[in-house]
Amino acid sequence: MVIHPMGWDAFGLPAENAARDNRIEPSRWTSDNIKRMKEQLLQLGCSFDWDRELATCDPSYYKWTQAIFLKLYSKGLVYQREALVNWDPVDETVLADEQVDQSGRSWRSGAKVEKRWLKQWFIRTTKFAKSLFDGLQDPALVDWRDVIKLQRHWIGACDGTTFDFEVSLEGQRQHSWTIAVWTQCPECILGVSFIAVRPESSIHSLCVQHGDLGELKWRQSSVDSGVKWWRIPMIVARHPLTGEDLPLIILDLDVTDDASGEAGFCGTSECRVGLPGENMLDHEIAVSEGFSLHPKMVEGERMLPSAGPLLSGLSVAEAGAAMRQRAMERGVGGDEVGPNLKDWLISRQRSWGTPIPMVHCGKCGAVPDEELPVLLPSLDGVEGSPNVLPLDKNEKWKSTSCPRCGSKAKRETDTMDTFVDSSWYFLRYLDPKNPSSPFSAEEVKELMPVDLYIGGKEHAILHLYYARFMAHFLHSEGLLPQPEPFRRLLVQGMVMGKTYHAKKSGKYLRPSEVEVRGKVVLEKATREPVAVSWQKMSKSKHNGVVPSDMMAEHGTDTTRLLVLADVAPTSHRKWTPETFPGIINWQKKLWLMMKKFRELRSSGKCLPLPLGDDFASGEQQLWDSRNFYLKGATFNYASSYQLSVAISKMQGLSNALRKASPCVIQQGFEFERALGVLLMLLAPMAPHFASELWSGFVTAPGRVDPDSKEIDWESSVLEQNWPKVDDDYHLDLIGKLNGSELCCIKMPKRDLDVLGAEDALQRCLLHPSFEMTKQRGEGMEKGRMVDYKYTHYPGYQATVNILTEAGLSRKDSASGKTVREKKMAENLP
């Protein structure tokens, strides 16, 4: 079964703002746009399974997004906490960092963005940090390449632990907030005597907001002149395991990243624990400030008696595990995580998003609302506003009753980050009409994981990370058969449009608003100079192309070929009409070739065969060309997804056909086979054009092989079996040494298709090229081979990559990874 679905990630600020600007309700604006885009996709002839279509803004979908949220909440993986955010005072909403320009102004309203502390909802993704990090070594992951490095860098090595400390004004627990403190030494958590905070950090800012910190009174270290600190008055942090109130200090030091975690702050951590028993700086601070002095707890790899009866005599690893376990049991951290990874902030002050299904009750606190879906209110035309009323101002919708005690209560007015909606959509595709569950366990067991994930480079970190997190969580709940949701990745490039923006104001201009004079480009209205660049197509930059306009000018199939040609899907594409003639001229040549074929086959008079071997030679060349280009095109269709290369292979085969003599065209068996194969190869990309050509092909008289088993003369080109390379055509067995090609062994397809790994290895080792490396002493002496990898593509080629100690050590010294990590994570070719 092939599932090729389509869905619409339809919530979010762009749709909300567009609806506001056009004075239309967001649901209607979104629905109209979906309808328009669907019409364009249907016009393009895309073969999506429309029976599985879904939209994240549909209540039948976001009901299950809310259900998954509540499942996370029930497992302690959702919490609400104050966070520092970008606040637009005009639009009255939180902005993502990328929505704030270099001047600190909102990209939409132009207002000066403020930093505010707001209560926000988080998903505790760090709970699965180690699982997500280790999952990148799964050998089932194919073609992830540098995405594995990006994911690893984002997650970070899980070499520490976070503990949640409750911070408050001294003696005022009712005004408290929580900070997550990362440490590489969980075994010493009972020896903490203070919390050190980075200057100007968000935690420092929060302390300023909650208390009167007075005049800064720095103390200088007598041990290191580059270190100074200042005690934060009247604010304490409660130890999550002992309940002890600990002081906080602002620690300013030149060392911003200490890999040991003993003196500086690791990575982007804003705070760290103070351990006077374990390092000199903390001891000096504790003595100077009169903080409690805990004795040294660790000696080598063992815990000292001073660590207390719970930890004394344990190994460092055992003690760390015991402290992590105790923290997890109390719900105050304890998960293995790196210093940079943060939990997922999902709150958005939006009106067009999935409502967070929580109710705030004066008696019960935050209570989950189990009556799903929690529907959005109608947002159309309220109080003469620009048609979108913020949820927190919609008193009628906001007012409700507590699901627990029945008292008057208020709905949560934040909506979810749209990444929550899209973090599980691939599961809903499998069972899109299920009214009682987000997906069927049977369908998921049979069809997961996703065979091919296609997304841009911007998806390689965030969306992929969130989707992987969701899959790991659902797997831990027994709802998915495996934790990794995607087997293979295709990281697509962007379609780039020529972009004009005024150098002085930075305003983006339409092509009609600029005047080009040679290399000089000016804005027509102001005569100001204009900068020209290639950027990702965007409505806001006026650099996009309307698909319907392209199809009206060139037709559906030509548009499809223009999109797929020139560059591979993984590369950026500069969209310019200057590249169009190649494809348009190729189509004309195909049409003329079919015309010539029909004329010669319909002439009723056989051309005389040429003297000598010219006819047989022409046929042999077409036999070679058909197999060569069929092999290449099929490989790029089915295995590498380099569709632009598949087009070039088809163009190569059409050139070979056009070189054939009139006699070969009229009477050639191989010409007939090759022309049929070319049309079959063309059909997936240009189905309408290929069908027209096929009609001319099968209705031409004078068939050389009317009983062909390769061509079904009575069926359309779209119903043909995919052509195969001839069994006696010779394919390549490529031998590599540490990734460098040394030999190419030719063998018939019938033999290569059944060639096993061990047999392939022995054939390469016996090849003269490998024998020469032994004589030169380049690492192929007996016993020096560490491993080998056999990559087999039946019908195309096979590769043996022999790995030696020298080759692996070179790679590993460059990457800092172990042989096992290198082999599993990067899947050496």
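Residues numbered from 1 in each chain as written. Predicted model: local features only at pLDDT ≥ 70, side-chain atom pairs only at ≥ 80, totals over all residues. Heavy atoms only, no water.

### Things to note about the nonpolar core
Residues Met650, Leu657, Phe671, Leu682, Phe697 and Leu733 are the most contacted members of the largest nonpolar core, which totals 71 residues. Once residues lying within four places of it in the same chain are set aside, the contact partners of Phe671 are Phe597, Glu619, Leu622, Leu657, Ala660, Val664 and Ile665. Judged by nonpolar contacts, the second largest core, of 55 residues, contains Met358, Phe439, Leu480 and Val491. (Core = buried A, V, L, I, M, F, W, Y, C linked by side-chain atoms within 4.5 Å. Buried < 20%, exposed > 50% of the residue type's maximum accessible area, 1.4 Å probe, protein only. Contact = heavy atoms within 4.5 Å.)

### Digging into the pattern of salt bridges
Oppositely charged side chains can pair when the atoms bearing their charge come close. Tallied over the entire structure, the rule returns 35 salt bridges. With its nearest N and O atoms 3.0 Å apart, the salt bridge here joins Asp49 to Arg52. In this structure Asp49 comes out as partly exposed when scored by relative accessible area, which is 26%. Taking relative accessible area as the criterion, Arg52 reaches 14% and is therefore assigned buried. The partner of Arg626 in a salt bridge is Asp726, with the nearest N and O atoms 2.7 Å apart. Of this pair, Arg626 sits in helix α17 (residues 614–638) while Asp726 sits in the loop between α21 (687–698) and β31 (730–737), and the two are 100 residues apart along the sequence. Judged by its relative accessible area of 13%, Asp726 is buried. (Salt bridge = Lys/Arg side-chain N within 4 Å of Asp/Glu carboxyl O. Helix = DSSP H or I, 4+ residues; strand = E, 2+ residues; numbered from the N terminus.)

### Notes on the sheet that holds strand β32 (residues 740–748)
Strand order in the open sheet formed by four strands is β32-β31-β34-β33, and the pairing between neighbours is mixed. Only two strands of the sheet have a single neighbouring strand rather than two, namely β32 and β33 (785–793). Ignoring strand direction, the axes of neighbouring strands in this sheet form an average angle of 15 degrees. In this sheet, strand β34 (residues 797–804) lies alongside β33 in antiparallel orientation, the contact comprising eight bridges. Bridging from a neighbouring strand, Met785 pairs with Thr804 of β34. (Pairing = 2+ DSSP bridges. Axes fitted to C-alpha atoms, helices over the stretch in contact; angles between N-to-C directions.)

### As for α21
With twelve residues, α21 extends 16 Å between its outermost C-alpha atoms, agreeing within 8% with the 16 Å of an ideal straight helix rising 1.5 Å per residue. All buried positions along α21 are accounted for by Pro687, Phe689, Ala690, Leu693, Trp694, Gly696, Phe697 and Val698. (Expected span 1.5 Å × (residues − 1).)

### What to know about the side chain of Thr556
Relative to the elements of secondary structure, Thr556 occurs in helix α15 (residues 556–564). Residue classification places Thr556 among the buried positions, given a relative accessible area of 18%. For Thr556, the contacting residues outside a window of four places in its chain are Gln43, Leu44, Gly45, Met551 and His688.

### Considering the sheet that holds strand β5 (residues 114–123)
If you trace the four strands from one edge of the open sheet to the other, you get β4-β3-β5-β16, paired in antiparallel fashion. Edge strands, defined here as strands with exactly one partner in the open sheet, are β4 (93–95) and β16 (344–345). One ladder, built from two bridges, connects β5 with β16; its direction is antiparallel. Note that in β16 the partner of Ile123 across the bridge is Trp344.

### Describing the pairing of strand β11 (residues 245–253)
Buried residues dominate β11, accounting for seven of its nine residues. Here strand β8 (residues 194–197) runs beside β11; their pairing, made up of three bridges, is parallel. By the bridge assignment for β11, Ala196 is matched with Ile249. Taken together, the nine bridges between strand β10 (residues 227–238) and β11 define a ladder with antiparallel strand orientation. Looking at the pairing, Val227 lines up with Leu253 of β11. The turn linking β10 back onto β11 is made up of six residues, and Gly243 within it adopts a positive phi angle of 80 degrees.

### Here we look at the environment of Ser74
With respect to the helices and strands, Ser74 occurs in helix α3 (residues 59–74). Placed 474 residues apart in sequence, Ser74 and Ser548 show a C-alpha to C-alpha distance of 48 Å.

### Structural notes on helix α13 (residues 462–476)
Here α13 spans 21 Å end to end across 15 residues, near enough to the 21 Å set by a 1.5 Å rise per residue. The buried count for α13 comes to twelve of 15 residues, which makes it a mostly enclosed element.

### Some points on the packing of helix α5 (residues 146–155) against α13
Where α5 meets α13, the axes come as close as 10 Å, and the angle between the chain directions of the two elements is 75 degrees. By the angle between their axes, α5 is roughly perpendicular relative to α13. Contacts from Val147, Gln151, Trp154 and Ile155 of α5 reach α13 at Leu462, Leu464, Tyr465 and Arg468. Among the residues forming the contact of α5 with α13, the class breakdown is six nonpolar, one polar and one charged. (Parallel < 35°, antiparallel > 145°, perpendicular 65-115°, else oblique. Nonpolar A, V, L, I, M, F, W, Y, C, P; charged D, E, K, R; others polar.)

### Side note on the confidence of the model for the protein
The predicted structure's coordinates, where accompanied by low pLDDT, should not be read in detail. Summary statistics for the protein give a mean pLDDT of 87 and a share of 91% for residues scoring 70 or more. Looking across the protein, the model is least confident in helix α26 (residues 819–826), with a mean pLDDT of 35, and most confident in α3, with 97. When the criterion is pLDDT under 50, residues 381–386 qualifies, and its contacts beyond four places in sequence or with other chains add up to six contacts. Note that pLDDT drops below 50 for residues 811–829; the model gives that stretch 32 contacts with residues more than four away or on any other chain. (pLDDT = per-residue confidence, 0-100.)

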